[in-house]
Amino acid sequence: QQQQQQQQQPSTWLEGRVDLTKLACVCVDASRASFRDDAIGIRTRASTGRKVDPKASKWEILLHIADVSDIYVPDPSQHVMKFLQTGSHEDNDTTTIAKGIQHLQTLHTAAVNRGTSRYDLPMGPLHMLPLPVLNSLSLEAFKPDWTSSEPISKQYQRQQSQSQNKVVNRCVTMWLYMDERSGKVLDAGLERTLISRPLALTFQSASDLLEQTQHRIKEEKEEDPMVSKARAILTVVERTVQRWKEHRRNTSESTQAREERMAAYEEMSRQVSGYNGDNSYSRIGGHTTSFRDEERSGFHRTRGHRLIDSANDLYGYALTRMVRRLNSSSSSKTDGANKKQGFLPHVAGASRDGRVATGPLRRYIDGVSQRQALSLLCDGYGGKPLTKEECIEIGQRTTDALNRITNTNASKQRAKSGISSNKVISLSQQKKAVRMLKLQMANIRKNKDGTSSSRLAAMSTGKGSEVI
């Protein structure tokens, strides 16, 4: 009981955060990912002191997102002062405060101007934020050497002992209590947390663990404890999130539409790369090569990819639901002074039930949404919440930035092709093109004699050699 009270009552040295550093967690990303901004974990519902329904589940799902909200506070001066007062900070003079305010304002301006990180440029990625800032804000994960004879747990302990300070990560954590039978969310909440170093897995290695294979893992009589915990986390989260995803597909048109788009992208990438769906790839001359690095094959979704994809969807769904519930409870109050309404910014044309606040290191609108969520759901952290008008303005600003990127790419491709056209490709036209592509590929699969259907004119460029 004493441990439960300590967990639920954040200490001052934790910056008012809940200490989750004793709980194991994992992050799953592409093998070439430089910065990790999300992780998953589990904890027993009973450990929180909240009501447990044994028939529903004994677990709470934990979805951790790197906390970058400090960049987006409306009044950096008050935020810096408050931060300096929450710990043993010796350099709290005027110069330090002024530099802190200036740094936050500069980073905010950089995020506004770029809008999003870009990974489709010939010279490499153009990140939304400077590399030193990304290194500082991203999750510091434990990357094991799977080829070493040293057990994974021993590697982790050795790296921890070499660090001068305890390695922790500042996160915004969504906890969810779900009915594993139906996939319905029974209870959820948002917390500012500190988590330990997550075990870094690739999409393929996570899939291997879920399938109980020993690829890249040295066979041992007894499985390494850290690997065993990772497998347990992946198994529980996948089982629970899969039920929720099935429930959403049956009840949400936006979820159905997104699944169709992802299937179309995956099929298009399969046609381009020759991926066969069984970890093998068709090469020129009929030679088939076994390959485990998911990135050289183009876009395809392994079990690990689907798990994280669904977990991020769940995060956005639960956050939007909590904000709507906040508005619903506020509208029923008679005292106008106590009413509290909240709004989240959205890109024009995007679904209101889609992802939100899951990629704050890569997307400006996600960073703003994260700060807005904390202000609304975590006792006003970071200042007053944005108004409806401010959310609309931010959404439009982000939409304009994304449209500039899309139409610049399209213009360059038309110029290379010798096509003279200044036509702007809208988001609705792109969605229409994806639907046409889906129908086209369905027709191609129906032609068993190998003949293809009539060609479709390309409307805009995609990534690499892909077109829509």
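Here the structure is shown first, and the text comes after it.
Worth saying up front: this structure is predicted, and the values here are computed from it rather than measured.

Draft legend 1. How the structure looks around the overall build of the chain. If you tally the helices and strands in the chain, you get twelve helices and nine strands. Counting only residues that meet the buried cut, the chain has 45% of its 468 residues in that class. For the chain, long-range pairs separated by at least 24 residues make up 68% of all intrachain contacts whose partners lie at least 6 apart in sequence. Within the structure as shown, the chain displays about 25,200 Å² of accessible surface, and the carbon and sulfur contribution to it stands at 49%.

Draft legend 2. Summary view of the packing of aromatic side chains. Across all of its chains, the model carries three aromatic pairs by this definition. Between Tyr72 and Tyr364, the ring centres sit 5.8 Å apart and the planes meet at 55 degrees, which makes this aromatic pair tilted. Of this pair, Tyr72 sits in the loop between strand 4 (59-66) and helix 2 (76-84) while Tyr364 sits in helix 10 (residues 364-377), and the two are 292 residues apart along the sequence. Looking at Arg50, its charged tip hangs above the ring of Trp175, at a distance of 3.7 Å from the centre. The ring centre of Tyr381 lies 3.7 Å from the NZ or CZ of Arg192, which sits over that ring.

Draft legend 3. View of the packing of helix 6 (residues 203-210) against helix 7 (residues 225-251). At a minimum axis separation of 9 Å, helix 6 and helix 7 run at an interaxial angle of 85 degrees. Our classification of the angle between helix 6 and helix 7 gives roughly perpendicular. Residue-level inspection shows Ala206, Leu209 and Leu210 of helix 6 in contact with helix 7, the latter providing Val227, Ala230, Arg231, Leu234, Thr235 and Glu238. When its residues are assigned to classes, the contact of helix 6 with helix 7 shows six nonpolar, one polar and two charged.

Draft legend 4. Broad picture of the sheet that holds strand 3 (residues 38-44). Strand order in the open sheet made by the seven strands is 1-6-5-4-3-2-7, with mixed pairing throughout. The open sheet has two edge strands, strand 1 (18-20) and strand 7 (199-202), and neither has a second partner. Each strand axis lies, on average, 35 degrees off the axis of its neighbour in the sheet, ignoring direction. By the bridge criterion, ten bridges tie strand 5 (residues 169-178) to strand 6 (residues 185-195) in an arrangement that is antiparallel. The partner of Tyr177 across the bridge, within strand 6, is Asp187. The strands that helix 10 touches are strand 4, strand 5 and strand 6; relative to strand 6, the one it contacts most, it runs at about 110 degrees.

Draft legend 5. Molecular detail of the pairing of strand 6. Of all eleven residues that make up strand 6, eight are buried, and the element is covered over most of its length. Across three bridges, the pairing between strand 1 and strand 6 is parallel. Each residue of the ladder has a partner; that of Asp19, found in strand 6, is Leu194. In this structure, the hairpin formed by strand 5 and strand 6 is closed by a connection of six residues, where Gly183 is found at a positive phi of approximately 85 degrees.

Draft legend 6. Focus on the environment of Asp53. In this fold, Asp53 is placed in the loop between strand 3 and strand 4. In this structure, Asp53 is in contact with Tyr177 and Arg181, ignoring residues within four places of it in sequence.

Draft legend 7. Quick peek at the packing of helix 5 (residues 152-162) against helix 7. The interhelical angle for the contact between helix 5 and helix 7, taken along N-to-C directions, is 105 degrees, at an axis separation of 6 Å. Taken together, the axes of helix 5 and helix 7 lie roughly perpendicular to each other. Contact residues: Ile152, Ser153 and Tyr156 in helix 5; Pro225, Met226 and Val227 in helix 7.

Reading guide: rules and limits
- Residues numbered from 1 in each chain as written.
- Predicted model: local features only at pLDDT ≥ 70, side-chain atom pairs only at ≥ 80, totals over all residues.
- Heavy atoms only, no water.
- Helix = DSSP H or I, 4+ residues; strand = E, 2+ residues; numbered from the N terminus.
- Buried < 20%, exposed > 50% of the residue type's maximum accessible area, 1.4 Å probe, protein only.
- Contact = heavy atoms within 4.5 Å.
- Areas by Shrake-Rupley, 256 points an atom, 1.4 Å probe, with all protein chains shown as cover.
- Phe/Tyr/Trp six-rings, centres within 6.5 Å; stacked < 30°, edge-to-face > 60°.
- Lys NZ or Arg CZ within 6 Å of the ring centre and 35° of its normal.
- Axes fitted to C-alpha atoms, helices over the stretch in contact; angles between N-to-C directions.
- Parallel < 35°, antiparallel > 145°, perpendicular 65-115°, else oblique.
- Nonpolar A, V, L, I, M, F, W, Y, C, P; charged D, E, K, R; others polar.
- Pairing = 2+ DSSP bridges.

Fair warning: the whole summary comes from geometry, so function is off the table for now.
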